[in-house]
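Coordinate analysis (summary)
As a plain string of letters, each chain reads:
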Amino acid sequence: MPSPYETEPGTGARSLAAQSDQSSESAAPAGPAQSSSSTTPSAVRSREDIDPRGRSRDRSWPPAPEPLPFPVIDNHCHLDFADGDRELAVADHVERAAEVGVDAQITIGSDLEAVRWTAALLASEACPPSLRGGVAIHPNEAALHARGTDHDGNPLIGLDEAIGEVSTLLRGPGMVVVGETGLDWFRTSRKDDVARAAQIESFRAHIALAKELDLPMQIHDRDAHQDVLEVLDRDGAPERTVFHCFSGDAEFARACVDRGYFLSFAGNVTFKNADDLRSAVAEVGFGQVMVETDAPFLTPVPYRGRPNSSYLIPLTMATMAEVAGSDLEQACRAVRATTQQVYGWPDGVVA
């Protein structure tokens, strides 16, 4: 979900349940199972549900950029959200992305409603063969499950039960990653002892789950860099650990890469105020780096604030290649190879 650099309209500080706001060789993931469902499920929420102020933004879909010279994979998006002046179906997102060289996606469910939606999507016979998924209890959601109610006072199941459901659904078709999990001291204060303990407990449980299932793990790290590293150092990180929507500077990027972790950059690397992110890319290059949208959030410049989808990744890749001093095609080849390595993605699976 959005990083500390995200200041677009429509980023209210509500529960993810209301808003749903990150190696070793692995076996190739199984494709989505056949089921009685012949259509993919509709999005369960709108980006406008996050904050009514977002309705004042430009909601038209940006034009498609120039196609990439070599295809890449969007390793983190949220297809459970609807956005834009006209809603796109899952197939629309996949088709638009494929036309510009983004030929596969991983959709992430990070609250229980989205977790269940993601599992249903992947089990649908209409699920595109290029689509995979991941689920977890987002750190801010973990704090709410520990308290037993959402921000509106509605009852929630306990944290252990919620993580248990995640564990069950991760064993279903098309699931290739545990995430997003981690720590967030921006929306949930580290000074709140109950919330802090719940986030750390949830993070550690997801680390153990990723190890048990031999899956990569995507980390949500917001204003919590050192605390995240301390938990990973203490518990031992999964062999394939990804900092989704990387939000640190060059020094933190180096600390992560030196530990063997992978960094995934989103559209905020193009933002004017994101010099630290560009410095991070320049510092580590493309050896352990991937690309994502975090859609519908973090739309890259020059369309910041408008709806986001995987088809806009070429704008992010162009910035990453430029700041790293790399040829765009070589950058794409490196990013794709890393993504396939991390998620055990087979060759030839395209939209």
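Details of the structure are given in the entry above.
None of the values given here were measured: they were computed from a predicted structure. (Residues numbered from 1 in each chain as written. Predicted model: local features only at pLDDT ≥ 70, side-chain atom pairs only at ≥ 80, totals over all residues. Heavy atoms only, no water.)

1. Concerning the sheet that holds strand E10 (residues 289-291)
Sheets are built from strands paired through backbone hydrogen bonds, the pairs being either parallel or antiparallel. An order of E2-E4-E5-E6-E7-E8-E9-E10 is seen for the eight strands of this open sheet, with the pairing classed as parallel. Each having just a single partner strand, strand E2 (72-77) and E10 make up the two edges of the open sheet. Ignoring strand direction, the axes of neighbouring strands in this sheet form an average angle of 30°. Pairing geometry for E2 and strand E4 (residues 102-109), over four bridges, is parallel. Paired with Cys77 across the strands is Thr107, a residue of E4. Contacting strand E6 (175-184) and strand E7 (217-222), helix H6 (residues 193-213) runs over the sheet at an angle of about 155° to E6. (Pairing = 2+ DSSP bridges. Helix = DSSP H or I, 4+ residues; strand = E, 2+ residues; numbered from the N terminus. Axes fitted to C-alpha atoms, helices over the stretch in contact; angles between N-to-C directions. Contact = heavy atoms within 4.5 Å.)

2. Re unusual backbone geometry
Glycine aside, negative phi is the norm for most residues, and most peptide bonds take the trans geometry. Between Gly179 and the following residue, Glu180, the backbone shows a cis peptide bond with an omega angle of 15°. Position of Glu180 among the secondary structure elements: in strand E6. Following Val301, the chain continues into Pro302 via a peptide bond in cis, with omega recorded as 10°. Looking at the secondary structure, you find Pro302 in the loop between E10 and helix H10 (313-324). Unlike most non-glycine residues, Leu298 shows phi in positive territory, near 60°. Here Leu298 lies in the loop between E10 and H10.

3. With respect to the packing of H10 against helix H11 (residues 328-343)
Where H10 meets H11, the closest approach of the two axes is 9 Å, and the angle between their N-to-C directions is 105°. In terms of orientation, H10 and H11 fall into the roughly perpendicular class. From H10, Met317, Ala318 and Ala321 reach across to H11, where they touch Leu328, Ala331, Cys332 and Val335. A class-by-class count of the residues in the contact of H10 with H11 yields seven nonpolar, no polar and no charged. (Parallel < 35°, antiparallel > 145°, perpendicular 65-115°, else oblique. Nonpolar A, V, L, I, M, F, W, Y, C, P; charged D, E, K, R; others polar.)

4. With respect to the packing of H6 against helix H7 (residues 225-235)
In contact at an axis separation of 11 Å, H6 and H7 are set at 45° when each is read in the N-to-C sense. Taken together, the axis directions place H6 and H7 in an arrangement best described as oblique. Every pair of crossing elements has a handedness; the one defined by H6 and H7 is right-handed. In this structure, H6 uses Arg196, Ile200, Phe203, Arg204, Ile207 and Lys211 to contact H7, whose residues at the interface are Asp227, Val228, Val231, Leu232, Arg234 and Asp235. Partitioned by chemical class, the residues of the contact of H6 with H7 number six nonpolar, no polar and six charged. (Left-handed = near helix turned anticlockwise from the far one by under 90°.)

5. Section: the environment of Arg59
Considering the arrangement of structural elements, one finds Arg59 in the loop between strand E1 (45-46) and E2. Taking the C-alpha atoms as reference points, Arg59 and Arg86, separated by 27 residues in sequence, lie 8.6 Å from one another. Beyond its immediate chain neighbours, meaning those up to four positions away, Arg59 contacts Glu48, Asp83, Gly84, Asp85 and Pro307.

Functional significance is not addressed by these values, which are geometric in nature.
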